Amino acid sequence: MASKTERIQFLRAVRQLHRVRSFYAVGVLLWAGSAAWTGWQAPGSWQMWVSILLLAVFTGLLVAAGLSLRRLAVPGTGRPAHHAASHKAASTRHAHA
C-alpha cells in the first residue's frame with residue numbers, strides 16, 4: 001500500500017500535468033492563430049516559419065502531457081489510479097438472487 005506522502009505527491013503531479021496541459025493547449029491555439037495570420041499577411045516569411053515551429057513544439061508538448069496523464073489513469077475509467085472505489089460503496093452493494 002502506498003504511503004500518504006506518495007499519494008499526495010501523486011496528486012500534485014497529476015494536478016501539475018493538468019495545468020501544464022492547459023497551458024500548452026493555449027499555446028497551440030495562439031501559435032496556430034499567429035501562423036495563420038502571418039501566413040496570410042506575409043506568406044513564406046521567417047515570422048511565419050517561426051510561428052509554425054513554435055506551433056509544432058507546443059503541439060508536441062501537449063501530446064506528451066496528454067500521454068503522461070493517460071498513462072497515470074486507470075484503464076477504461078480515465079480516472080487516476082489512486083481513485084479506486086471506496087470500501088463503503090463496495091460494502092453497500094448486495095447481490096440479489
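Above: the structure in question.
Q: Go over the overall build of the protein with me, naming the residues and quoting the values.
A: Broken down by element type, the protein carries three helices and zero strands. Its helices and strands taken in sequence order, the protein reads α-α-α from the N to the C terminus. Excluding contacts between residues fewer than 6 apart, the proportion of contacts in the protein whose partners are at least 24 apart in sequence is 61%. Summing over all exposed atoms, the protein offers an accessible surface of approximately 7,700 Å²; the carbon and sulfur share of this is 67%.

Q: Give a detailed account of the side chain of Ser51, specifying residues and quantitative values.
A: The topology assignment puts Ser51 in helix 2 (residues 46–72). Given a relative accessible area of 3%, Ser51 falls into the buried group. Apart from residues no more than four positions distant in its own chain, Ser51 is found in contact with Trp31, Ser34, Ala35 and Thr38.

Q: Summarise a nonpolar patch on the surface; cite the residues concerned and give the values.
A: On the surface, a cluster of nonpolar side chains totalling about 240 Å² of accessible area is made up of Leu53, Val57 and Leu61. You can see Val57 is positioned in helix 2. Judged by its relative accessible area of 39%, Val57 is partly exposed.

Q: So, helix 1 (residues 4–41): which residues are in play, and what are the values?
A: Along its 38 residues, helix 1 runs 55 Å from first to last C-alpha, staying within 8% of the 56 Å computed at 1.5 Å per residue. Listed as buried for helix 1 are Val14, Tyr24, Gly27, Val28, Ala35 and Thr38.

About the cut-offs
Residues numbered from 1 in each chain as written. Predicted model: local features only at pLDDT ≥ 70, side-chain atom pairs only at ≥ 80, totals over all residues. Heavy atoms only, no water. Helix = DSSP H or I, 4+ residues; strand = E, 2+ residues; numbered from the N terminus. Contact = heavy atoms within 4.5 Å. Areas by Shrake-Rupley, 256 points an atom, 1.4 Å probe, with all protein chains shown as cover. Buried < 20%, exposed > 50% of the residue type's maximum accessible area, 1.4 Å probe, protein only. Patch = residues over 30% accessible without salt bridge, like charges linked within 9 Å, V, L, I, M, F, W, Y side chains within 5 Å. Salt bridge = Lys/Arg side-chain N within 4 Å of Asp/Glu carboxyl O. Expected span 1.5 Å × (residues − 1).

Treat this as a map of the structure, not an account of what it does.
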